[in-house]
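# Residue-level structural notes
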Amino acid sequence: MSVQSPLPPAGSGEVFLTEGGTETEIMYRHGFELPEFAMFTLLENPSAVTAMRGMFRDHLDVSAEFGLSFLLTGIDYRASPDWGAKLGYSPQALADANIAAIELLRDVAKGYDGQIPRLLVGGILGPRGDAYNLNQNITAESAEDYHSVQLTTLKVAGVDFASAQTFNNVPEAVGACRAASKIGVSLSVALTLDSTHRLKSGISLSQAITEIDAQTGDDAPDFYLINCSHPVEYEPALDNREWVKRLRGVRPNASKLEKIALCNLGHIEDGDPIELGQQLADLSSRHPHMDIFGGCCGTGAEHLREIAMRVASETV
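Below is a summary of the structure that appears in this document. (Residues numbered from 1 in each chain as written. Predicted model: local features only at pLDDT ≥ 70, side-chain atom pairs only at ≥ 80, totals over all residues. Heavy atoms only, no water.)

## Regarding helix α5 (residues 140-157)
Inclusion rule: Going along the chain from the N terminus, every DSSP run of H or I of four or more residues is numbered as a helix, and every run of E of two or more is numbered as a strand. Given the number of residues in a helix, its expected span is that number minus one, multiplied by 1.5 Å. Axes are fitted to the seven residues ending at a residue and to the seven starting at it; the angle between these axes is taken as the bend at that residue. Exposure categories follow from relative accessible area, calculated using a 1.4 Å probe and restricted to protein chains: below 20% of the type maximum is buried, above 50% is exposed, and the middle band is partly exposed. Should any heavy atoms of two residues lie within 4.5 Å, those residues are counted as being in contact.
Between its terminal C-alpha atoms α5 stretches 25 Å, which fits the 26 Å expected from 18 residues at 1.5 Å a residue. The largest bend along α5 measures about 35 degrees and falls at Ser148. The set of residues buried in α5 consists of Ala140, Ala143, Glu144, Tyr146, His147, Gln150, Leu151, Thr153, Leu154 and Ala157. Contact partners of the buried residues in α5: α3 (81-86), α4 (91-110), β3 (119-125), β4 (161-167) and α6 (170-183). Just beyond α5, the residue with positive phi is Gly158, at close to 75 degrees.

## Re the pairing of strand β6 (residues 224-227)
On a regular strand, one side chain projects to one face of the sheet and the next to the other, so that they alternate. Stated precisely, the cut-off is as follows: We treat two strands as partners when DSSP finds at least two bridges between them. Whether a crossover is right-handed depends on one test, that the path from the first strand over the helix to the second runs clockwise when the strands point away from the viewer.
Burial of β6 is two-sided: the residues Tyr224 and Ile226 facing one way and the residues Leu225 and Asn227 facing the other way are all buried. As defined by bridge partners, strand β5 (residues 187-191) adjoins β6 across three bridges and the pair is classed as parallel. Within β6, the position partnered with Ala190 by the bridge is Leu225. Note that the unit made of β5, helix α7 (residues 205-216) and β6 has a crossover that is right-handed. Both β6 and strand β7 (residues 247-251) contribute to a ladder of four bridges, which runs parallel. Across the sheet, the residue bridging to Leu225 is Gly249, located in β7.

## Notes on empty space enclosed by the protein
Stated precisely, the cut-off is as follows: A 1.4 Å probe that fits but cannot get out identifies a cavity on a 1 Å grid over protein atoms alone, an open set with protein on both sides within 12 Å along at least five of seven lines counts as a pocket, and a residue lines either if it has an atom within 4 Å of a point. Grid points are joined across faces, edges and corners, and a volume is the space filled by probe spheres set on the points. In this classification, the charged set is Asp, Glu, Lys and Arg, the nonpolar set is Ala, Val, Leu, Ile, Met, Phe, Trp, Tyr, Cys and Pro, and all remaining amino acids, among them Gly, are polar.
If you walk through the whole model with that rule in mind, you get one cavity of 30 Å³ or more. Size it by volume and the largest cavity reaches roughly 120 Å³. Lining the largest cavity are 16 residues, with Leu71, Phe161, Ser163, Ser188 and Phe223 positioned closest to its centre. When residues of the lining of the largest cavity are assigned to their parent elements, the largest contribution, four residues, is made by β4. Across the lining of the largest cavity, the residue classes break down as seven nonpolar, seven polar and two charged.

Structure below.
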């Protein structure tokens with residue numbers, strides 16, 4: 001990536017938390033509906049904004065308690081052109097929503113000045129299609145054009161970084177990386193694995209990371225993450241080869257259930273927060289360069305606290 005990353009080099013000793021599964025938390029723990037799973041629509045609802053602020057403060061409180069840095073995102077996963085149009089947003093209204101999302105996060109972060117070593121605010125690029133589908137028609141060129149829209153707005157908003165999350169194929173990740181590099185936004189790519197321990201497109205994690213790096217060259221992402229996958233899904237994909245050094249952390253689901261099953265439950269699955277925390281601590285112990293840990297679907301402050309407590313003890 002030609003843009004300077006705001007993070008220190010991997011393995012520097014500084015550990016970063018992220019928020020948990022904001023969409024599932026706001027839906028099932030706070031009772032707000034998300035049309036098309038789009039949390040940015042709640043910015044128009046004052047009571048929902050109050051709930052979001054409280055949720056993010058709960059997550060940041062964990063970081064402050066354990067003295068860990070924080071990468072704060074969590075509102076704009078679906079704030080891209082196709083999803084915005086589906087929800088009735090004009091291009092300008094969608095841009096305004098993206099900026100409002102970042103402003104809300106930045107305002108919450110102000111309350112933690114001096115309490116968290118490094119607190120960075122970023123935006124999320126979600127996939128153009130559904131993360132659980134193949135998205136076979138996407139090309140690197142079309143993905144670059146598509147994601148340029150949101151990335152341009154995030155640049156205007158002055159984000160510290162952007163994260164492409166729940167990506168499941170190489171071409172879309174390549175396009176997003178090229179767009180971020182041209183626009184001048186630091187970008188990481190979070191890939192999602194299913195019960196086959198591979199991306200939905202069929203490629204292995206090692207192949208995906210290697211191919212994305214090869215196809216992007218100087219435009220390669222700052223680093224990679226795994227998100228929206230439980231350890232039972234991603235652990236078999238990990239080994240000790242060179243490519244793993246490009247993988248900087250994980251944001252797992254709380255439950256071991258497959259994603260489609262989770263979507264059809266109609267309620268949140270907490271899984272076992274203690275077990276999840278220990279699994280991430282074990283991962284940190286085996287791969288000391290990994291220093292970014294958080295959650296995805298079903299996780300909240302309880303999970304983050306178990307993760308922080310155990311990972312922090314591993315890095316002392």
